[in-house]
Amino acid sequence: MCNYGYSSRYKKGPRAPRGLLNRIQYMCESLPPDFEEWEHGIFTKLIFYKKLDRKTAIGHCECGAQVEIKPSRSGSIITCPSCGEQVRVTYSCGIHQQRFVTYISRLDDGWICRMFVSNKLSSFTNGRVSVSHFMTEEQRDWLGADSDSVISFHPVWGGDERWLKGRGRTHGMGYSGWKIDERQLDTYPHNLTRLFKGSGYEYSALDIACEHSRVSPLRYQLEYKHNPKLEMLYKLGLYMVAEQIMYEDWSHNARRIMENVKSLKDLGIYSADELKQCHRLKVEQLIARKEVKSWDIPETDISLAIDFVCNVNSRCGEDMKYSFITRQGWYKYYLTQRSEYSSIRNFVADYTDYIRDCITLELDINDTQISKPHSLKTAHQRTLAEVKIKWDKDKNQLIQNVYERLKDLVEWSNGKYCVIMPHSAEEIITEGKRQQHCVGGYCDRVAKGTSVIVFIRREEAKDDNFYTAEFLPNMTKLSIMQVRGQRNAPMTDDVRTFMSQYESWFNRRAQAKNVA
């Protein structure tokens, strides 16, 4: 999770106040004496591993001790017998770690957040462990006491250090490129309480947000200003819900759902023990959990049932319910079909499509043999085929109706060429295949009555494809859209002359018969 998801309305702000650049450059508070110790402490400590035999290995810890340890996998976390701290086992001779740290100081009219890229190099050579740290400041953010935006400044190196307005440099290129304020940030915690005392941000729970979500501090304060519910969520420990609200682009449903939440009971949380179980659940999972709690299912199935309800809600909506099957019954039916589906999402998609097809085919979905077939995949394939046949049958009937209504008004011959109308979707599709153009895709237009398709044939060979024409369904005046031969060939002179004669006949016929 990164900070890139902050809403853009907080990124673009007004001009910087007069003199702010000088204050950003020269009046920042110096880093406190314990900052370096804190910054070193956020990195993972390492122990370099050397295996002696199947049961014994030697570890060289960053604390400087050489200790005997049990054989372990690289990357596993153990406790160093010497210093007693948690360390990560590594087989490598050198490891580079990188973290992103911030320090906030206060001015009379606002706050400055300094952002650093911090690096740690650990290496093991000649039986000794060496560790080095270096840190580079890349950006300073300013938030005014009454401001609705964060203003960023970046350093320009070369000669004397100076600062310019704008965010820090981009690391990498393309989609992999990042700026420091887009990363998870570790914020120096020991001054957060006093920094915002007496301001509108005093009770924002920034310290909890920085600890659990590693947010960009000043941008978090702006989010809190627009969403005060963040304080409650962080203090209650609903960290994932708070993150969803902050990162609007990641979850557009979280804000909407939480607008209607007045208490924890609305989320199905009734005790402190239940609250502890929900620390890392998203808001959709909390809503699903509230529903699943009322089901008669084993405790071991609750996690799977929550995933099932989340997938149903995502596809169909939280209020969607079938009249012929309960959501619990739907979940239990999923368990019988689970072996055929790689994911719950695919099952939910197939089932909703299957039921829709059953309704289209006018099947009795209250019959359990219909609503819960032995094999959903097989039943779904069957109904798909039947719906296609039904749709083709209905479409053919509509095209037949158009033919019966318009054939006497459209068909005509001059003795050499003639115009005839198709009376089925199959005829139109066949025409497209033989002529190698796209008229086969016009069946819907003909069935809906938005276009009229006719075939132009030689009088002595009416069964042979020649030209295809499309015109508007206006029977009082001919409005030709297109006339195409094989492979969309244009009209020849003979065909153009015939179409001119046909147009004259069509319009005279309409006037003579007063066709409405």
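I will try to describe carefully the structure that is included in this document. (Residues numbered from 1 in each chain as written. Predicted model: local features only at pLDDT ≥ 70, side-chain atom pairs only at ≥ 80, totals over all residues. Heavy atoms only, no water.)

1. Things to note about the overall build of the protein
Helices and strands together make up the secondary structure of the protein, namely 18 helices and 16 strands. The C-alpha radius of gyration computed for the protein amounts to 36 Å, which surpasses the reference 24 Å derived for 516 residues by more than 25%, pointing to a less compact arrangement than a globule. Principal-axis analysis of the C-alpha atoms places the extent of the protein at approximately 105 × 65 × 55 Å. Looking at the protein residue by residue over its 516 residues, the buried ones come to 46%. Counted over contacts in the protein with a minimum sequence separation of 6, partners at least 24 positions apart contribute 58%. Within the protein, the 66 negative side-chain charges are centred at a point lying 2 Å from the centre of the 74 positive side-chain charges. (Helix = DSSP H or I, 4+ residues; strand = E, 2+ residues; numbered from the N terminus. Rg over C-alpha atoms; globule rule 2.2 N^0.38 Å. Buried < 20%, exposed > 50% of the residue type's maximum accessible area, 1.4 Å probe, protein only. Contact = heavy atoms within 4.5 Å. Lys, Arg positive; Asp, Glu negative; His and termini not counted. Charge placed at Lys NZ, Arg CZ, Asp CG, Glu CD.)

2. Considering the sheet that holds strand 16 (residues 480–484)
Here five strands make up an open sheet; going across it, the order is 12-13-14-15-16 and the pairing antiparallel. Looking at which strands have only one partner, the edges of the open sheet turn out to be strand 12 (412–413) and strand 16. One ladder, built from five bridges, connects strand 14 (residues 452–458) with strand 15 (residues 467–471); its direction is antiparallel. Bridge pairing links Ile453 to Glu470 in strand 15. (Pairing = 2+ DSSP bridges.)

3. Digging into the pairing of strand 7 (residues 110–125)
A large share of strand 7 lies buried, amounting to 13 of its 16 residues. Pairing analysis gives 14 bridges linking strand 6 (residues 94–107) to strand 7, with the strands arranged antiparallel. Its bridge partner being in strand 7, Ile104 is matched across the sheet by Cys113. In this antiparallel pair of consecutive strands, strand 6 and strand 7, the connection spans two residues. Both strand 7 and strand 8 (residues 128–144) contribute to a ladder of 16 bridges, which runs antiparallel. Paired with Val117 across the strands is Thr136, a residue of strand 8. The turn linking strand 7 back onto strand 8 is made up of two residues, and Asn126 within it adopts a positive phi angle of 55 degrees.

4. What to know about helix 12 (residues 327–337)
Most of helix 12 sits out of view: eight of its 11 residues are buried. Three or more residues of helix 12 are buried, namely Arg327, Gln328, Gly329, Trp330, Tyr331, Tyr333, Tyr334 and Gln337. On its buried face, helix 12 sits against helix 10 (283–292), helix 11 (302–316), helix 13 (344–360) and helix 15 (376–410).

5. Points about the nonpolar core
One broad trend across soluble globular proteins is that nonpolar side chains are buried collectively. Residues Ile104, Phe196, Val215, Tyr220, Tyr234, Leu238 and Met258 are the most contacted members of the largest nonpolar core, which totals 45 residues. In terms of residues, this core owes the most to one element, helix 7 (residues 239–246), which gives five residues. Discounting residues that sit within four places of it in the chain, Phe196 has contacts with Ile104, Arg106, Trp111, Tyr201, Glu202, Leu206, Leu218 and Gln221. Counting residues in each nonpolar core, the second largest holds 31 residues, with Met320, Ile325, Ile370 and Leu376 among its members. (Core = buried A, V, L, I, M, F, W, Y, C linked by side-chain atoms within 4.5 Å.)

6. Section: the sheet that holds strand 8
One open sheet holds the six strands; their spatial order is 10-9-8-7-6-11, and the pairing between them is mixed. Each having just a single partner strand, strand 10 (162–165) and strand 11 (186–187) make up the two edges of the open sheet. Along the sheet, helix 5 (residues 217–226) contacts strand 6, strand 7, strand 8, strand 9 (150–156) and strand 11; its crossing angle with strand 8, the most-contacted strand, is approximately 40 degrees. (Axes fitted to C-alpha atoms, helices over the stretch in contact; angles between N-to-C directions.)

7. Considerations on the pattern of salt bridges
Evaluation of the coordinates by the stated rule reveals 25 salt bridges. In this structure, the salt-bridge partner of Asp181 is Arg219, at a minimum N-O distance of 3.3 Å. Here Asp181, found in the loop between strand 10 and strand 11, pairs with Arg219, found in helix 5; they are 38 residues apart in sequence, far enough to count as distant. Comparing Asp181 with Arg219, the two get one shared label, buried. A salt bridge links Glu291 to Arg327, with the shortest nitrogen-to-oxygen separation between them at 3.0 Å. Residue Glu291 is located in helix 10, and its partner Arg327 is located in helix 12; the two are separated by 36 residues in the primary sequence. By relative accessible area, which is 22% here, Glu291 ends up partly exposed. (Salt bridge = Lys/Arg side-chain N within 4 Å of Asp/Glu carboxyl O.)

8. Remarks on helix 15
Here helix 15 is 35 residues long and its end C-alpha atoms lie 48 Å apart, about the 51 Å a rise of 1.5 Å per residue gives. Considering bend angle alone, the principal kink of helix 15 is centred on Glu404 and spans about 35 degrees. What helix 15 keeps buried is the set Leu376, Ala379, His380, Thr383, Val387, Lys395, Ile399, Val402, Tyr403, Leu406, Leu409 and Val410. (Expected span 1.5 Å × (residues − 1). Bend = angle between axes of the 7 residues up to and from the residue.)

9. As for the packing of aromatic side chains
In this structure the tally under the stated criterion is 40 aromatic pairs. Each ring, one from Phe308 and one from Phe347, has its centre 6.3 Å from the other, and the planes form 45 degrees; the classification is tilted. Of this pair, Phe308 sits in helix 11 while Phe347 sits in helix 13; the two residues are 39 residues apart in sequence, bridging distant segments of the chain. Residue classification places Phe308 among the buried residues on the basis of a relative accessible area of 1%. Pairing Tyr417 with Phe466 gives two aromatic rings, centres 5.6 Å apart and planes at 10 degrees, and the pair type is stacked. In this pair, Tyr417 is assigned in strand 13 (residues 417–420) and Phe466 in the loop between strand 14 and strand 15, connecting sequence segments 49 residues apart. Summarising the burial analysis for this pair, Tyr417 and Phe466 share the class buried. (Phe/Tyr/Trp six-rings, centres within 6.5 Å; stacked < 30°, edge-to-face > 60°.)

On their own, these measurements won't tell you what the molecule is for.
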